[in-house]
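Residues per chain are reported as follows:
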Amino acid sequence: GENVEQHPSTLSVQEGDSAVIKCTYSDSASNYFPWYKQELGKGPQLIIDIRSNVGEKKDQRIAVTLNKTAKHFSLHITETQPEDSAVYFCAASKAGTALIFGKGTTLSVSS
Amino acid sequence: DAGITQSPRYKITETGRQVTLMCHQTWSHSYMFWYRQDLGHGLRLIYYSAAADITDKGEVPDGYVVSRSKTENFPLTLESATRSQTSVYFCASSTGYSNQPQHFGDGTRLSIL
């Protein structure tokens, strides 16, 4: 079955810097890749997702890129702010299978 | 307000007791899911439901029971709680089983002593 690996497990950046989190997946048939942000004491919230027919998607300071050949996708956050501090999860799925989540990245943005 | 609500938010119980975690959604999503979140494991699917009276196992179903008599509710029951079931439990809903965004509740932190 699908396996999703996420790196790094922790990431510390200065306010204003960029942050990049990378996930690799094992099933080449996977075609849906969401990213979730989880703040302390809250449930995961979808922040952006991408499907395999698209190589990149942006939403303000957040972007996701997908490399189907290498089977990896990345979350890019530019101009980081303290409120970006949270745990970020990537996930992957294909038709007929459940979402498989990575183990999460704890992002800390210091001002 | 539309959304997904879990109750209780915190629960402490003892081994061997039965405990039920509640989940209620107001979006009329057909699919609902239960996950557990543990350090080092991320989110793991326990059970899911495609519609009222249709449920199926996920990755880690042992020790859990679910039911779905109404579309909006999806309770999770631990029939005889064990310490290994100490975790944070999240309910989610979606318009599909796969390849669709899932909307999560704020979780129930369950401690089993």
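The shown structure was predicted, so the numbers you read here are calculated from the model rather than taken from an experiment.

Draft legend 1. Up close: the sheet that holds strand β3 (residues 19-25) of chain B. All names here are of chain B. Strand order in the open sheet made by the four strands is β1-β3-β8-β7, with antiparallel pairing throughout. Two strands close off the open sheet at either side, each with one partner strand: β1 (4-7) and β7 (64-66). Neighbouring strand axes in the sheet, compared pairwise and without regard to direction, differ in orientation by 20° on average. By the bridge criterion, three bridges tie β3 to strand β8 (residues 76-78) in an arrangement that is antiparallel.

Draft legend 2. How the structure looks around the state of the cysteines. Residues and elements named next belong to chain A. Within the structure shown, the criterion is met by two disulfides over all chains. Here Cys23 pairs with Cys90 through a disulfide, and the sulfurs are 1.9 Å apart. Residues Cys23 and Cys90 share a disulfide whose torsion about the S-S bond is about -100°; that sign makes it left-handed. In this pair, Cys23 is assigned in strand β3 (residues 19-25) and Cys90 in strand β9 (residues 86-92), connecting sequence segments 67 residues apart. On the basis of relative accessible area, Cys23 is assigned to the buried category, the value being 0%.

Draft legend 3. Inspection of the interface of chain A and chain B at higher detail. With 23 residues of chain A at the contact, the number on the chain B side is 18 residues. Between chain A and chain B, a total of about 1,600 Å² is buried, with carbon and sulfur atoms accounting for 51% of that surface. Area buried by chain A at its contact with chain B is led by Pro44, Phe101 and Lys103 of chain A, which between them contribute 27% of it. Our count for the chain A to chain B interface comes out at one salt bridge. A salt bridge links Asp106 of chain B to Lys42 of chain A, with the shortest nitrogen-to-oxygen separation between them at 4.0 Å.

Draft legend 4. View of the pattern of salt bridges. Inspection of every chain in the model, using the stated rule, returns eight salt bridges over all chains. The salt bridge involving Asp27 of chain A is made with Lys94 of chain A; its shortest N-O contact spans 2.7 Å. Taken together, the positions of Asp27 of chain A in the loop between β3 and β4 (32-38) and Lys94 of chain A in the loop between β9 and β10 (100-101) put the pair 67 residues apart, joining distant regions of the chain. When salt bridges that share partners are traced, they join Arg36, Asp38 and Arg44 of chain B into one network.

What counts, and where the lines are drawn
Residues numbered from 1 in each chain as written. Chains lettered and ligands numbered in written order. Predicted model: local features only at pLDDT ≥ 70, side-chain atom pairs only at ≥ 80, totals over all residues. Heavy atoms only, no water. Pairing = 2+ DSSP bridges. Helix = DSSP H or I, 4+ residues; strand = E, 2+ residues; numbered from the N terminus. Axes fitted to C-alpha atoms, helices over the stretch in contact; angles between N-to-C directions. Disulfide = S-S within 2.5 Å. Buried < 20%, exposed > 50% of the residue type's maximum accessible area, 1.4 Å probe, protein only. Contact = heavy atoms within 4.5 Å. Buried area = accessible area lost by both parts, 1.4 Å probe. Salt bridge = Lys/Arg side-chain N within 4 Å of Asp/Glu carboxyl O.

Just distances and angles here, no functional claims.
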